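# What the coordinates show
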Amino acid sequence: MTALMTLLLGSFVVSCDKNESYSELLRDEEKSVNWFLAGKRVSVDIPADSISFETGENAPFYKLDEEGYIYMQVINKGSDEKAKKGDLVYFRYMRTNIKNLYEGITTIPTGNAENMNSSVGNTAFVFGNYILDSYAKFGSGIQKPLEFLGYNSEVNLVLKSYYGFTSDQSACIPYLINVKYFKAEY
């Protein structure tokens, strides 16, 4: 009987640990993002023109919003042609769970950048539209780099859940997302 009580009590304690409050999840998200960015260069100043962005794997992560929910590292600035409000923009991505990295959990990036026949398939959004299903699924953060960069650009985004994929918002999961943007061909 004592062994059974110990087992039940042990399972109760484990289940309580998994039921963190929303504020605890947000705190964990903040810790994991701060841990990730601590090993990187971060710039709070966004260049006045898209030409002045540093590029490449050693470029800084630019803070794109006041709250620090979105950081962008420019890998490739892309073309001079920029998306206009209402343009259909295709993108390919691979994303890595930052919280798992922080906790030392082996994480394999997921997305459609390496295999368009994956379950993810084609991904697109209408630039500047925050009503369509694509906005609801991918969040608004995925569009933010196109306010500064052109088509065919590539960035690494650190997205906190608030601006991230809808599936990550309630669990407060931050992601490092490598994104490449493409103009729709008609």
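Definitions and limits used
Residues numbered from 1 in each chain as written. Predicted model: local features only at pLDDT ≥ 70, side-chain atom pairs only at ≥ 80, totals over all residues. Heavy atoms only, no water. Salt bridge = Lys/Arg side-chain N within 4 Å of Asp/Glu carboxyl O. Helix = DSSP H or I, 4+ residues; strand = E, 2+ residues; numbered from the N terminus. Buried < 20%, exposed > 50% of the residue type's maximum accessible area, 1.4 Å probe, protein only. Pairing = 2+ DSSP bridges. Core = buried A, V, L, I, M, F, W, Y, C linked by side-chain atoms within 4.5 Å. Contact = heavy atoms within 4.5 Å.

## Observations regarding the pattern of salt bridges
Inspection of every chain in the model, using the stated rule, returns five salt bridges. Ionic pairing is found between arginine 41 and glutamate 54, a salt bridge with its closest N-O pair at 2.8 Å. Of the two residues, arginine 41 is situated in the loop between α2 (22-38) and β1 (42-43) and glutamate 54 in the loop between β1 and β2 (61-63); the sequence distance between them amounts to 13 residues. Residue classification places glutamate 54 among the partly exposed positions, given a relative accessible area of 38%.

## Some details on the pairing of strand β3 (residues 70-76)
Successive residues of a regular strand alternate their side chains across the two faces of the sheet. Of all the seven residues making up β3, six are buried; the element is thus mostly covered by neighbouring parts of the structure. In terms of strand pairing, β2 meets β3 through two bridges, oriented antiparallel. Paired with lysine 63 across the bridge in β3 is tyrosine 71. Between β2 and the antiparallel strand that follows it, β3, lie six residues; glycine 68 among them carries a positive phi value of about 80°.

## A look at the pairing of strand β7 (residues 154-159)
Burial analysis of β7 places six of its six residues in the buried class, the great majority of the element. Pairing of β3 with β7, which is carried by six bridges, proceeds in the antiparallel orientation. Considered in β7, the bridge of isoleucine 70 is made with leucine 159. Both β7 and strand β8 (residues 175-183) contribute to a ladder of six bridges, which runs antiparallel. Its bridge partner being in β8, valine 155 is matched across the sheet by valine 179.

## Details of the nonpolar core
In this structure, Met72, Ile142, Val179 and Tyr181 are the most contacted members of the largest nonpolar core, which totals 27 residues. Going through the elements one at a time, β3, β4 (88-97), β7 and β8 are the ones with two or more residues in this core. No other element matches β8, which puts four residues into this core. Contact partners of isoleucine 142, with chain neighbours within four places excluded, come to Phe91, Phe125, Leu157, Leu159, Phe165, Ile177, Val179 and Tyr181. Grouped together as the second largest cluster of nonpolar side chains are eight residues, Val33, Leu37, Ile98 and Val158 included.

The values are spatial; any link to function lies outside them.
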